[in-house]
Amino acid sequence: MNRPAPLIPRQRSPPGAWRLLLPALAAWGFAACAVTITGLAGPVLWIAAVCGTVICAAAACGAVLGAGAVGLRVGAGRQRRPGAAGRRFAGAVLLLCAVLLLIGTRIALGEYARADPGFSAAAERGATIEFTAVLAGFPESRVSEFGERRWVRATADTGRGGVPVLLWLGDEPGTAPDAEWAPGTRVSVRGEPERFDAGGSAAYGVAVRRIDADPPADWSLAGAGAIAAHLRLGLRDAAAGAPGAELVPGFAVGDTSLVPEPLDRAMRESSLAHLVAVSGANCALITGAVVWLLARLGVGRRLRTAAAGCGLAAFLVVVGPDASVQRAAVMAAALLAAGFGGRRAAALPALGLAILVLLLADPWQALQPGFALSVVATGGILLGATPLARVLQRRTRLPRVLALPVAVALAAQLACGPLLLLLQPGIPAVGVLANVLAAPAAPLGTGLGLVVAVTAPWSPGLAHLATVVAALPARWVAATAEVSGALPLARWHWPEGWPGALLLAACEGALLLAWALRRGRLALPGGLVAPLRRPWHERPRTPRGVRVAAAVLLGTGLGLFVATTLAAPLAQRAADPAGWAVVACDVGQGDALLLRDPSRPSRVVLVDTGDDPEALGACLDRFGVDRVSLLVLSHDDRDHVGALGSVIDRVDEALIAPTVRGERDEDRPVVRSLRSAGVPYRIGAAGQSGSAVDAGIDAEAGGLAWEVLAPAAGAEPADTNAASLVLRVDAGGVSVLLLADTGLDEQTALLRSGAELRAEVLKVAHHGSRDQDPELPGVVGAVWALVSVGAGNRYGHPADETLAGLAMAGTRTLRTDLQGSIALIPGDGGEIEAWVERSERSDVGGAP
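If you're wondering where the values come from, they're calculated on a predicted model, not measured in any experiment.

Draft legend 1. Structural detail: the overall build of the protein. Tallying secondary structure elements over the protein gives 27 helices and 23 strands in all. Surface summary for the protein: the accessible area is close to 40600 Å², and the carbon and sulfur share equals 61%.

In structure tokens:
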């Protein structure tokens, strides 16, 4: 007879496991508020000091009086133990006061340093400043289809203390990073500072004009940093020379500079991005390998623990002081210390200690997504993985070897779900599946990546062999990310931002409370918890009141979830316009317009992509666009072509702007991207025209015609804005004039060209900036004007005079910053109706 697989044993927290974690969570919340509200730390600091002093004085008086009372009771033959609950409460409050006092002091000192007058004055005037700084991490870079961006975090030396800054590096000698730079390297910097928001991890961003490494003051630290830099560089070079190994440096040391933008996007969409951010899994792999090896050699427990700590310290030198690495290292060190002393390791106090130590080191990381996700994911795994694994084993008969990985991924996903909504919209439904599939490959890739890093300096051949082998699990993870992200319903609809996060937290909280009530983990007030014992029942029957409360909570949680993920999208899709001819997608401070003949809905022209892949994808999905017959890239500015990589696989053909003076076609990132994707393209010029017949496949798909009005053929524009393609489009009988980012000079030349400019719809140039020809709106005579602009942008777009000129011409203006995505729908009588995602104006409606 087959015996059922043994269940994962219950793990109960040791006494006092929450006494350190709860004050740490309170300190986290206080730090998150105090770093954004300048001056808040001071009053809280003094309040905590006064409260702590009062509690200490009361405890001292109570101890004296208690000793006297005990003596009297002993003399009278009676003795009572003083109340333990009161002492525990006083101790918890005293611990909280101490934590707030420490965090408040650290924030106050940090605010004093950040208010350095030299940096403040230079940022206000836009002036150049010279200073010395100490690098706080390794130089980082991000390669995209539009070039490479380099930066490094540093701490500037000032008379007030260290000021955290972000150094934006360049490509030219004197501004580019050196291969030997590492945390602790001292540099001399000349650059222009820009003040960041109060809650940012860096106080200023500095556009570097000159940077030089200074001679190290401590050669031992410099030597360790140089060794770490060489190991990372060797690992990166080895991975760059092996096909499919782009993820290997990320597995081993968190270096994602080789990861291409499409793969990075797929990793984020499938919730696998944490695999290339060094965290607790890497630390556990290092310490576990050291302990296992020394145990096989017969080494004692204390020596194994000490060796594991040394291995962890060496690993941290190579990886660098990233927030998630610091959190994992502090927790691992606490657990190792507990094991060294022979005490049972408690993960919750270790997590609390990690939070406190990290906040004392840098309170401003309380608002950083990486820090928050690391802490929340760890807490979710510690508290929820074992109960979920037991449920999976009991309900689905999963073997233990599968139940625990699934439970770990599910616990982390549930814990991080609300926070992830603050970073990107929707719920990654495939996240658990993708993590389970990638779980066996990630540790293998991490271990082999570390082997590559160690062997690359002295044996390139062995390192190359290890890299080729490490590329196998890397390819497995990459394929998992790409396939998972492309699955139907891979991401479920859910409101983004704080409303969505609070709604998801409420759903999860209702389900958790229902489970706790049914399992007897939570008691209701009154007599509802008294079990009804019947002789024929082996277990007490759950009271009716408890069952009703649990059912209500379960129905509420499931009802909210189903209504939000299923009913709301269906209702939204039913309310979306079906016969649209023009759509201005809300992609923030950028342009992305859809045009089509409503009678030929399969042939769609997309003009520009904006710079937000998620927003563009949401717009295409909302309006049912699967393929793009013609992609028009009006010019090469990032706010018009930044999301090209997210849509390029849907494009049949492209029309791009001319090359600016002094640049070659093959050097343009847009051209390289189109060529690598195999998308045919041509460079636009005045006089060119086409239709869906020309841009599509069959000859029966007419109905949308376009014509290029500017710039002239053979022109060499001075800059990208001057190179903007101006088009006039007939979209199913709706005439549209698209001005791209043309300015006054280009619009004046357009007026003098004699081209047909009258149109029913005008796409206002350059997000409605002031640089417009005031005569153009009257000549065009449009019914509707579309302004694609980001809410709260720092450029002041759209300008009041531009809006006033449109109003004087009798043109109604629609703005994406106020109304979201906008659709224009031609009516049977020749009128054009406007549909808006959110109504912010009273004059939206049909127009004659």
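Draft legend 2. Structural context of helix H12 (residues 369-396). With 28 residues, H12 extends just 34 Å between its outermost C-alpha atoms, more than 12% less than the 40 Å of an ideal straight helix rising 1.5 Å per residue. Of all bends in H12, the biggest is about 45 degrees, found at Gly384, and the proline Pro387 comes one to four residues later. Of the residues one or two after H12, Arg397 is the one with positive phi, at around 60 degrees.

Draft legend 3. Region of interest: the state of the cysteines. For the structure shown, the criterion picks out one disulfide. The disulfide bridge from Cys585 ends at Cys619, spanning 2.0 Å between sulfur atoms. The S-S bond linking Cys585 to Cys619 shows a torsion near -70 degrees; that makes this disulfide left-handed. Pair noted here: Cys585 is in the loop between strand S9 (582-584) and strand S10 (593-596) and Cys619 is in helix H19 (residues 613-622), with a separation of 34 residues, a long-range link. When sorted by exposure, Cys585 lands in the same class as Cys619, which is buried.

Draft legend 4. Geometry of the sheet that holds S9. Across the sheet, eight strands lie side by side as S14-S13-S12-S11-S10-S9-S22-S23; this open sheet has mixed pairing. At either margin of the open sheet sits one strand with a lone partner, and together these are strand S14 (681-683) and strand S23 (832-836). Taking the axes of each pair of neighbouring strands and ignoring which way they run, one obtains an average angle of 15 degrees across the sheet. Direction of pairing for S10 relative to strand S11 (residues 604-607): antiparallel, over a ladder of four bridges. Across the sheet, the residue bridging to Leu594 is Leu606, located in S11. Relative to strand S13 (residues 654-656), helix H22 (residues 669-677) is tilted by about 165 degrees, and along the sheet it contacts strand S12 (630-633), S13 and S14.

Draft legend 5. A look at the packing of helix H13 (residues 400-420) against helix H17 (residues 497-518). Where H13 meets H17, the closest approach of the two axes is 7 Å, and the angle between their N-to-C directions is 150 degrees. With respect to their mutual orientation, H13 and H17 come out roughly antiparallel. Each of Leu414, Gly417 and Pro418 in H13 lies in contact with H17, whose residues at this interface are Ala501, Leu504, Ala505 and Glu508. Grouping the amino acids of the contact of H13 with H17 by side-chain chemistry returns five nonpolar, one polar and one charged.

Draft legend 6. View of the packing of aromatic side chains. Tallying each qualifying case throughout the model produces eight aromatic pairs. Arranged with centres 6.0 Å apart and planes meeting at 80 degrees, the rings of Trp580 and Phe623 form a pair that is edge-to-face. With a gap of 43 residues between them, Trp580 in the loop between helix H18 (544-575) and S9 and Phe623 in the loop between H19 and S12 connect regions that are remote in the sequence. Exposure class is identical for Trp580 and Phe623. Each is buried.

Draft legend 7. Seen up close, the sheet that holds strand S19 (residues 761-763). One open sheet holds the seven strands; their spatial order is S15-S16-S17-S18-S19-S20-S21, and the pairing between them is mixed. What marks the edges here is a single partner per strand, and that holds for strand S15 (689-691) and strand S21 (812-815). Within this sheet the neighbouring strands show an average axis-to-axis angle of 20 degrees, counted without direction. As paired strands, strand S17 (residues 726-731) and strand S18 (residues 734-738) are joined by five bridges and run antiparallel to one another.

Draft legend 8. Local environment of the side chain of Thr659. Here Thr659 is to be found in the loop between S13 and H22. Polar contacts involving the side chain of Thr659 include one to the side chain of Asp665, which spans 2.2 Å. Among the polar contacts listed, one links the side chain of Thr659 to the side chain of Arg668, at a separation of 3.0 Å.

Draft legend 9. Structural context of the confidence of the model for the protein. Chain-level pLDDT for the protein is 81 on average; 84% of the residues reach the 70-or-more range. Low pLDDT (under 50) marks residues 527-537, which in the prediction has 15 contacts with non-local residues, meaning those over four places away or in another chain.

Draft legend 10. Fine view of the pairing of strand S16 (residues 704-710). Among the seven residues in S16, five count as buried, and that is most of the element. By the bridge criterion, three bridges tie S15 to S16 in an arrangement that is antiparallel. Directly across from Ser689, in S16, lies its bridge partner Glu707. Relative to S17, S16 runs antiparallel, the two being bridged by six bridges. Bridging from a neighbouring strand, Leu704 pairs with Ala731 of S17.

About the criteria used
Residues numbered from 1 in each chain as written. Predicted model: local features only at pLDDT ≥ 70, side-chain atom pairs only at ≥ 80, totals over all residues. Heavy atoms only, no water. Helix = DSSP H or I, 4+ residues; strand = E, 2+ residues; numbered from the N terminus. Areas by Shrake-Rupley, 256 points an atom, 1.4 Å probe, with all protein chains shown as cover. Expected span 1.5 Å × (residues − 1). Bend = angle between axes of the 7 residues up to and from the residue. Disulfide = S-S within 2.5 Å. Buried < 20%, exposed > 50% of the residue type's maximum accessible area, 1.4 Å probe, protein only. Pairing = 2+ DSSP bridges. Axes fitted to C-alpha atoms, helices over the stretch in contact; angles between N-to-C directions. Contact = heavy atoms within 4.5 Å. Parallel < 35°, antiparallel > 145°, perpendicular 65-115°, else oblique. Nonpolar A, V, L, I, M, F, W, Y, C, P; charged D, E, K, R; others polar. Phe/Tyr/Trp six-rings, centres within 6.5 Å; stacked < 30°, edge-to-face > 60°. Polar contact = N/O pair within 3.5 Å; in protein donor to acceptor, adjacent residues only side chain to side chain. pLDDT = per-residue confidence, 0-100.

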